[in-house]
Amino acid sequence: MTRTPLLALAVVGALALAGCSGSDSSGGDGSAGGTGPTATGSPYLPVPDGVELTAPGSQLSVGDTAVVAYHPRQDQVGALDITVTDLERAPIKAFSAWQLSDAQKKSNAYYVRADVENVGDTDLGGRPVPLYVVNDDNVLLEPTPFTSSFKPCPSTPFPKKFGPGADAKVCLVYLAPDHGQLEAVSFRPDETFNPITWTGDVAKYEAPKPSGKPSSKPSSKPTGKPTKKPGQQKQQ
């Protein structure tokens, strides 16, 4: 099987984020939890009636829900209900099927899992999930995308159709350079936005155990399909 290059880690800037220091197993302000979601007095972007946006700058804990709005395109407004459910640290050897650069081999890998619902009027199909992580250098990191299957954490955009009312469980991969630590998950659609952050304990990734017992009788017919080679990935 031909190994394909893992897409380069994208770093979108060293940004000073309030309350984002401390270890990767505690809250961003040095405590174990956040302040909880608070609704804004008036929405910072136009959203459907009944949608109450979480106040920018809210510091949340893993398990909390935020309702956010952003511009997926300049002429569109998307609104999402996001619950960050799990933070996991994965071994870099999990990416052995991909060609890693020397810098990527020195990264710490993290999986961020979230439940997301489209509570706006815009179809967000195929758009990136607007979540980032903050490392211990206060650098905002984009998720690392995959163009071929990665079962432990697919790290893909929203499904092709993700219209109003649609929901999905997502998992995103982040590589923190120089063995960096995950300090917080951040919703920060642009540099002027006061970020909404989630902090919590980072668990060690545990691969799911196979379910069921193998058949005691050999099958006379082959099961499953031949493994496909991963597609060539595009470099960013």
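Conventions used here
Here, residues in each chain are numbered from 1, in the same order as that chain's written sequence. Owing to the predicted nature of the model, reporting of local features is limited to residues with pLDDT of at least 70; listing and counting of side-chain atom pairs is limited to 80 or more, with chain, interface and lining totals taken over all residues. With hydrogens and water stripped out, all remaining heavy atoms of the structure feed into the side-chain values. Numbering of helices and strands runs from the N terminus; a helix is a DSSP stretch of H or I covering at least four residues, while a strand is a stretch of E covering at least two. In this scheme, a residue with accessible area under 20% of its type's maximum is buried, one over 50% is exposed, and one in between is partly exposed, where area comes from a 1.4 Å probe on protein chains only. In what follows, a contact means two residues having at least one pair of non-hydrogen atoms within 4.5 Å. Note that accessible areas follow from Shrake-Rupley with a 1.4 Å probe, and for residues the cover is restricted to the protein chains shown. Here, a strand pair is defined by DSSP locating no fewer than two bridges between the strands. For salt bridges, the criterion is a side-chain nitrogen of Lys or Arg within 4 Å of an Asp or Glu carboxyl oxygen. Each pair of aromatic rings taken from Phe, Tyr and Trp, with Trp reduced to its six-membered ring, is defined by centres within 6.5 Å and is described as stacked if the planes are under 30 degrees apart, edge-to-face if over 60, and tilted in the remaining cases.

Novice: Outline the overall build of the protein chain, listing residues and values.
Specialist: Of the regular secondary structure elements, the protein chain holds 1 helix and 13 strands. Secondary structure elements of the protein chain occur, N-terminal to C-terminal, as β-β-β-β-β-β-α-β-β-β-β-β-β-β. Residues counted as buried form 43% of the 236 residues belonging to the protein chain. Sequence separation of 24 or more characterises 73% of the internal contacts of the protein chain that already satisfy a separation of 6 or more. Surface exposure of the protein chain reaches about 13,100 Å², of which carbon and sulfur atoms provide 51%.

Novice: Explain the pairing of strand β7 (residues 108–118) to me, using residue names and the numbers behind them.
Specialist: The buried fraction of β7 is high, at 8 of 11 residues. Bridging between strand β5 (residues 78–90) and β7 involves 10 bridges; their strand directions are antiparallel. For isoleucine 82, the partnering residue across the bridge sits in β7 and is valine 116. One ladder, built from 10 bridges, connects β7 with strand β10 (residues 167–176); its direction is antiparallel.

Novice: Report on the pattern of salt bridges, specifying residues and quantitative values.
Specialist: All told, the structure shown has 3 salt bridges when counted by the stated rule. Its salt-bridge partner being aspartate 75, residue arginine 73 comes within 3.7 Å of it at the nearest N-O pair. Take aspartate 75: its relative accessible area is 61%, and that puts it in the exposed class. As a salt-bridge pair, lysine 169 and aspartate 115 come within 3.1 Å of each other at their nearest N and O atoms. In this pair, lysine 169 sits in strand β10 while aspartate 115 sits in strand β7, placing the two residues 54 residues apart along the sequence. The exposed category is assigned to lysine 169, whose relative accessible area is 70%. Residue classification places aspartate 115 among the partly exposed residues on the basis of a relative accessible area of 28%.

Novice: Describe in detail the packing of aromatic side chains, supporting the description with residues and values.
Specialist: Overall, the coordinates contain 11 aromatic pairs when judged by the stated rule. Ring geometry for tyrosine 70 against phenylalanine 187: centres 6.2 Å apart, planes inclined by 80°, an arrangement best described as edge-to-face. A residue pair is termed long-range when its members are at least 10 positions apart, and tyrosine 70 in strand β4 (residues 65–70) and phenylalanine 187 in strand β11 (residues 182–187) qualify at 117 residues. For the pair tyrosine 70 and phenylalanine 187, one class covers both residues: buried. Pairing phenylalanine 95 with phenylalanine 150 gives two aromatic rings, centres 5.2 Å apart and planes at 25°, and the pair type is stacked. Of this pair, phenylalanine 95 sits in the loop between β5 and β6 (98–99) while phenylalanine 150 is found in the loop between β9 (139–141) and β10, placing the two residues 55 residues apart along the sequence. For phenylalanine 150, a relative accessible area of 6% translates into the label buried. An aromatic cluster of three or more residues is present, and its members are Phe95, Trp98, Tyr111, Phe146, Phe150 and Tyr205.

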